[in-house]
Amino acid sequence: MQKIGVKDRPSALGVDRNALPHPERHVLQEPASRSATAWAAITRIIFGTHALALADQAVVSGTSLLSTVLVGRFTQPSQLGIYAIGLSVLGFVLAVQDALILMPYTIQRHRSSRTPAQHAGLSLLHSVWLSAAAIVVLAIVAVAMIALWAANDLTWLVCTLVLTVPFALQREFNRTYAFAHLNVANALILDAGVAAVQLPVLAWLGWTDRMSAVNASLALAGGCALTSLVWLYLARQNFSIPTGRVRQATAESWRLGKWLCAGQITVTIQSYVSYWVLPLLVSLAETGVFAACNSIASVANPLLSAFRNTLTPRSVLAFKEGGVERLRRQASRDALLLVGVMSLFWVMILFSGDFLMRLIYHDHGYDGRGDVVTILALAVLATAAGASASNAMASMERPRAVVVATSVGAFVTATAVWAFTAEWGLLGAAYGILAGSVAGSAARWVAFLTVAARPGPADHVRAPIAQVLQQLAQPNPAVDWDIRQIGEGFQGRIYGIRTGRDHAIWQGYRDLAVKLYPDEPAAVETAKRQFDAQMRLHGSVDGRTVHDWTLRAPLPLHVSETPPALVMTMAAGTDLNKFLAALSDQPPEVLAAMARVLVTVLRPHWATGSPHGDLCLQNILYDPAQRILTLVDADKPACVGVVFNQRYPAAYDLAGLLCDVATDIRTVDRRVALSKRTFVESVLSAFLTMMEAPEQEPELIAEIRAFARAELKLLDLRWSPRGLFRLIQRSIAMPRIDRMLAAAQANVRMRHRLSVVGGGS
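Quantities reported herein were computed from a predicted structural model and do not represent experimental measurements. (Residues numbered from 1 in each chain as written. Predicted model: local features only at pLDDT ≥ 70, side-chain atom pairs only at ≥ 80, totals over all residues. Heavy atoms only, no water.)

**As for the overall build of the protein chain**
Selection rule: For helices the rule is a DSSP run of H or I covering at least 4 residues; for strands it is a run of E covering at least 2, with both sets numbered from the N terminus onward. The contact criterion used throughout is that any non-hydrogen atoms of two residues lie within 4.5 Å. Note that accessible areas follow from Shrake-Rupley with a 1.4 Å probe, and for residues the cover is restricted to the protein chains shown.
Across its full length, the protein chain holds 21 helices and 10 strands. The long-range share in the protein chain, meaning contacts at least 24 apart out of those at least 6 apart in sequence, stands at 77%. For the protein chain, the accessible area works out to roughly 35,300 Å², and carbon and sulfur atoms hold 62% of it.

**Remarks on the packing of aromatic side chains**
Keep this limit in mind: Aromatic pairs are defined between Phe, Tyr and Trp rings, using the six-membered ring for Trp, whenever the two ring centres lie within 6.5 Å; interplanar angles under 30 degrees are classed as stacked, those over 60 as edge-to-face, and all others as tilted. Accessible area is worked out with a 1.4 Å probe on protein chains only. A residue is then buried under 20% of its type maximum, exposed over 50%, and partly exposed in between.
Counted under the stated rule, the structure contains 12 aromatic pairs. Residues tyrosine 177 and tryptophan 231 carry aromatic rings whose centres are separated by 5.7 Å and whose planes lie at 75° to one another, so their mutual orientation is edge-to-face. Placement of the pair is tyrosine 177 in helix 5 (residues 152–180) and tryptophan 231 in helix 7 (residues 213–234), with a sequence separation of 54 residues. In this pair, the class of tyrosine 177 matches that of tryptophan 231, namely buried. For the pair tryptophan 549 and tyrosine 622, a centre-to-centre distance of 5.8 Å together with 15° between the ring planes defines the contact as stacked. Taken together, the positions of tryptophan 549 in strand 5 (residues 549–552) and tyrosine 622 in strand 9 (residues 620–623) put the pair 73 residues apart, joining distant regions of the chain. With respect to burial, tryptophan 549 and tyrosine 622 carry one shared label: buried. By way of ring pairs, the aromatic residues Phe173, Tyr177, Trp231 and Phe239 are connected into one cluster.

**Digging into the pairing of strand 10 (residues 628–631)**
The line we're drawing: Note on pairing: two strands pair once DSSP finds at least 2 bridges between them.
Residues Ile628 and Thr630 of strand 10 are buried on one face, and the alternating residues Leu629 and Leu631, pointing to the opposite face, are buried as well. Here strand 5 pairs with strand 10 via 3 bridges, running parallel. If you follow arginine 552 over to strand 10, its bridge partner there is threonine 630. Linkage of strand 9 to strand 10, two consecutive antiparallel strands, is achieved through a turn of 4 residues, within which arginine 627 is found at a positive phi near 55°.

**Things to note about the confidence of the model for the protein chain**
The line we're drawing: Known as pLDDT, the predictor's per-residue confidence is scaled from 0 to 100.
Looking at the protein chain, the pLDDT average stands at 78 and 79% of residues meet or exceed 70. Segment residues 1–47 is flagged for pLDDT under 50; beyond a separation of four residues in sequence, or across chains, it makes 91 contacts in the model. Below pLDDT 50 for its whole length, residues 639–643 participates in 8 contacts with residues either more than four positions away or in separate chains.

**A look at the packing of helix 19 (residues 670–690) against helix 20 (residues 697–713)**
Each pair of packed helices gets described by two things: the angle between the helix axes and the distance between those axes. Spelled out, the test is: In this analysis an axis means a line fitted to C-alpha atoms, helices contributing only their contacting stretch, and an angle means the value between N-to-C directions, from 0 to 180 degrees. Here a crossing is called left-handed whenever its near helix is offset anticlockwise from the far helix by less than a right angle, and right-handed whenever the offset is clockwise. Basically, the charged four are Asp, Glu, Lys and Arg, the nonpolar ten are Ala, Val, Leu, Ile, Met, Phe, Trp, Tyr, Cys and Pro, and anything else, Gly included, counts as polar.
Their axes nearest at 11 Å, the elements helix 19 and helix 20 cross at an angle of 145°. In this structure, the crossing between helix 19 and helix 20 has a hand that is right-handed. Judged by residue contacts, Leu684, Phe687 and Leu688 of helix 19 engage Glu697, Leu700, Ile701 and Ile704 from helix 20. Classifying every residue of the contact of helix 19 with helix 20 by side-chain character gives 6 nonpolar, no polar and 1 charged.

**What to know about the packing of helix 18 (residues 650–662) against helix 20**
Definition in use: Note on angle classes: values under 35 degrees are labelled roughly parallel, values over 145 roughly antiparallel, values of 65 to 115 roughly perpendicular, and the remainder oblique.
For the pair helix 18 and helix 20, the least separation of the axes is 8 Å and the interaxial angle reads 55°. Between helix 18 and helix 20, the interaxial angle falls into the category oblique. Crossing of helix 18 over helix 20 shows right-handed handedness. Residues Ala651, Tyr652, Leu654, Ala655, Leu658 and Cys659 of helix 18 lie in contact with helix 20, whose contacting residues are Leu700, Glu703, Ile704, Phe707, Ala708, Glu711 and Leu712. Taken together, the residues of the contact of helix 18 with helix 20 break down into 11 nonpolar, no polar and 2 charged.

**Some points on the pattern of salt bridges**
This is how the line gets drawn: For this document, the term salt bridge refers to a Lys or Arg side-chain nitrogen within 4 Å of an Asp or Glu carboxyl oxygen.
Tallied over the entire structure, the rule returns 10 salt bridges. The partner of arginine 171 in a salt bridge is aspartate 191, with the nearest N and O atoms 3.1 Å apart. Here aspartate 191 lies in helix 6 (residues 184–207) and arginine 171 lies in helix 5, a separation of 20 residues in the sequence. Pair check on accessibility: arginine 171 and aspartate 191 agree, each one buried. Residues lysine 528 and glutamate 561 are paired through a salt bridge, measuring 3.7 Å at the closest nitrogen-oxygen approach.

**Considering the sheet that holds strand 8 (residues 574–575)**
Strand order in the open sheet formed by 5 strands is 4-5-10-9-8, and the pairing between neighbours is mixed. In this open sheet, the two edge strands, each paired with only one partner strand, are strand 4 (545–546) and strand 8. Relative to strand 9, strand 8 runs antiparallel, the two being bridged by 2 bridges. Bridge pairing in strand 9 places threonine 574 opposite tyrosine 622.

**Topic: the side chain of serine 295**
Tracing the chain through its elements places serine 295 in helix 9 (residues 284–297). Once residues within four sequence positions are removed from consideration, serine 295 is found in contact with Leu65, Thr68 and Tyr361.

**Concerning the pairing of strand 9**
Side chains of strand 9 alternate between two faces, with Ile620 and Tyr622 and Leu621 and Asp623 buried alike. Alignment of strand 9 against strand 10, held across 4 bridges, turns out to be antiparallel. Bridging across to strand 10, leucine 621 finds its partner in threonine 630.

**A look at the nonpolar core**
The cut-off we apply is this: The term nonpolar core refers to a set of buried residues drawn from Ala, Val, Leu, Ile, Met, Phe, Trp, Tyr and Cys, joined through side-chain atoms within 4.5 Å.
Residues Ile620, Phe679, Ile704 and Ile737 are the most contacted members of the largest nonpolar core, which totals 58 residues. Considering every element that reaches this core, the biggest residue donor is helix 18, with 10 residues. Once you skip the residues sitting within four places of it in the chain, isoleucine 620 turns out to touch Thr574, Asp575, Leu576, Leu598, Leu615, Leu629, Thr630, Leu631, Leu657 and Phe679. Within the second largest apolar cluster, 45 residues are counted, among which are Leu80, Leu278, Met357 and Tyr361.

**Remarks on unusual backbone geometry**
In the segment running from threonine 562 into proline 563, the intervening peptide bond is cis, with an omega of -5°. Structurally, proline 563 can be placed in the loop between strand 6 (556–560) and strand 7 (565–569). Even without a glycine there, the phi angle at aspartate 548 is positive, about 70°. Assignment of secondary structure puts aspartate 548 in the loop between strand 4 and strand 5. Residue classification places aspartate 548 among the exposed positions, given a relative accessible area of 64%.

**So, the environment of threonine 667**
You can see threonine 667 is positioned in the loop between helix 18 and helix 19. Residue threonine 667 is classed as partly exposed on the basis of its relative accessible area, which comes to 26%. Setting aside residues up to four positions removed in sequence, threonine 667 forms contacts with Val672, Ala673 and Lys676.

**Points about the environment of arginine 498**
Structurally, the position occupied by arginine 498 is in strand 2 (residues 493–498). What makes arginine 498 partly exposed here is its relative accessible area of 29%. Sequence separation of arginine 498 and arginine 510 is 12 residues, and the distance between their C-alpha atoms is 5.7 Å.

**Here we look at the side chain of histidine 612**
Applied cut-off: Pairs of N or O atoms are called polar contacts if they sit within 3.5 Å, as long as, within protein, a hydrogen donor faces a hydrogen acceptor (for residues adjacent in sequence, only side-chain-to-side-chain pairs).
With respect to the secondary-structure elements, histidine 612 resides in the loop between helix 17 (588–607) and strand 9. Assessed through its relative accessible area of 0%, histidine 612 is described here as buried. In this structure the side chain of histidine 612 is engaged in a polar contact, spanning 2.9 Å, whose partner is the backbone oxygen of valine 632. Apart from residues no more than four positions distant in its own chain, histidine 612 is found in contact with Leu537, His605, Trp606, Asn619, Leu631, Val632, Asp633, Ala634, Asp635 and Asp653.

Here you go:
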C-alpha cells in the first residue's frame, strides 16, 4: 500500500471565508492630545515585555550579587569559595532542567497534539521527577562524604543542597512557564518575592554574626520554597496531567532534550570549571576571591539574561512564521543589540573594576584584582555575542549542532583554565574563561550559519513548485509562497503551499497541496490516474454528514506533465496513524463511531464499483475539534493477481487497512497498537453489520483474506536488511489479519445475539 497523504496541516478545503478581510466601521474620533499620546508611549515602554524582562533579571541578578556580597563581607574568602561551589552544583542541576524539560516545553508547547494545560502539566511532572533524582544523588554524595570524613563545611553544604535543589527547580520552572507565555510580570513578582525573603535573612545572619555558606544556602532555599509553593497553588488550574500520555510526552521531550542537555552540560562546565579547578590548584580562599571578581564582572548579566529569556520564544515564532531566512535576520538583530549594550557595561568595568572591588569587599584579600574583573567582563561580552545563534539553533530543533558548538567552548575553557591557572593563578583562570567564551561564540555562529545555509525542503523545490503553479490560470506571481513538505511516500512528496492573508494562489485558494513525482516516464500516468481516482472520491464523499460527523476529500485541480505533479486543495487534520500514536487513550466507543461514519459514507462509493485504492491509517485524516474525517490519496487498485469482484470493491480497501495495521511491527506501545487494531476491527464490524445480504459474509471474508495475502506477496524479499525486515513483517502479518477478521466476525455475532435478546424481551 502506498503511504502517501496530506497530513498535519490544518487548512481550509476551499475559500476560508473567516480569513477574508471584513469591512470595518469607521467612527469619527477626536485626535488624542499630545500628552495622552506621550503618556501611552511611556506606559508601553515601562510595562513592555523587554522592560519587564530587564526588571526581572535585574531582581534575579541583583539578588545573586547582593547575596554574594553579603557572604563575602561577613565571612572569610574561604566561606565565599564554598558558597560558590554550592551555587555551581545548583547551576548544574538547573542547566539539566532547562535542557531536558524547560526548553522542550518552550519549543513544543504550540503543538496541537495536547492542550496547553496538558503540555504544562507533563512538564511539571518531569520537573518533579528531576527533583527526586537530584535529591537521591545528593543524599548519596552526602552519606559518602560523611563516611570518608570529608571537610565538614563541604559536607554540610551538600546536605543543605538536598533541601535547596527541589525548591530552586520549582522556582525556575515557574519562571520559565511565565516567560514561555510572555507573561513577564508574573516572573517579576515571583523573583521579587524570593528576594524579599532571601536578602533580609542574609542581612540578619550577617548582623548577628551567623553568616556561613551553609546558612546562606538555607536562606536561598527558604525564599524559593515560600514563593514557589504559593505560585504553584495559585496557578494549579493551568496544569493537567493526562496519565495515558506521560510516556509519549516523555519520549518527545527526551528526543529533543537529550541533545540540549548535552549542550547545557558543556555550557555548565564552561561556566563553573574554574570553581572546580581553583580549589585543587590554588585554595578555597582564592576560589572565594575569584567568585567575588566574577560577581563584579557579571553585573551586566541582568541585561543579558533579560533579553535571553525572550530570545527563545521570539526565535521560535520567527522560524514558525518566516522560516530560516527570518530566523537568520532575527538572530543577527538580537546579536547586534546584545553586543552593543554589553559593550557599554564592559567599558564601565574597564575603568571602575578595581574601585568596585574595594568598595564592595572590604577584606584585603580582595585588593588589586581589577585586571581579573576586566578580563571576566570581556568574557561575558564574548558570551553574549553567541547567545542568539544558540537560541536560533534550538528553535530550529537542531540540538546536535548546539552540542557541537558548545563542546568547542567547553573544551577550550577547561583546557585553558587548567593550564593558565597553573601558570598565572587567578589571572590565568580569567584568561582561560575568556578564551573559552570567544571560541564558544565563534563555534555557535559557524554552526548556525552552516545549518541555515543547508537547503531545506522549500529551497530545492521552490523552482518546480513555481513552475507547476504558473500553469494554473491567472497565477499571482507577486505572492511570497510558504512551501513546506507535509507528506512523503513511495510515489512522491507532498508540499503545502500557503500565502498571506490578503493573497490567493489561484481562484481564491490561499492553501494548496502539490504532489511532486520523480521525473520518470510513468510519473505523468500515475498523476493522471490518481487525479481521476481522487475526483471520483471527492464527488462521492465530500461534504457528506453523518451523525454530526463530516467527510471530506481534497479536490484535485490540475495535473502537470513538466514537472510531473498533481495539484489539489489542502486537507485538514492529522492522519490517524499519528493521532492514535499521540492519543492512545481514545475510548473504544469513539473509535467505533469513527468507523461507522467512515463505512456509512464509503458504501455508496463502493457501490459504484470504485474503491479508495489506498486506504490506510495515514490516508485518513482526523480533525477532532470539527469532527471531520478526510480521505486523501485515492488511487486505482494495483493488479494483485486476484480477479476483482465488482460486487465487493470494499474488500480491497478493507484488506488494505488490515495490511497497514498488521505489518506495523515498529509500534512498541501496546496501547497504541491496541487502538489501531480496535479501529480496524470496528471498520470491519461496521461493514459486516451493514451488509444487505448477511449470507454472503463468508464470501466477503474470503475475498478480504485473498486480497491481503496478495498484498503481502508484493513485499520486497530480496537479500538485504530491508528484505529481512519485510520477511518478518509478512510472517507476523497474516496471523494478525486472521485474528482481526475473527474478532470482527465475533463482534457481529455478539451484536446480533444481543439484538435478538433485546427484541425478545
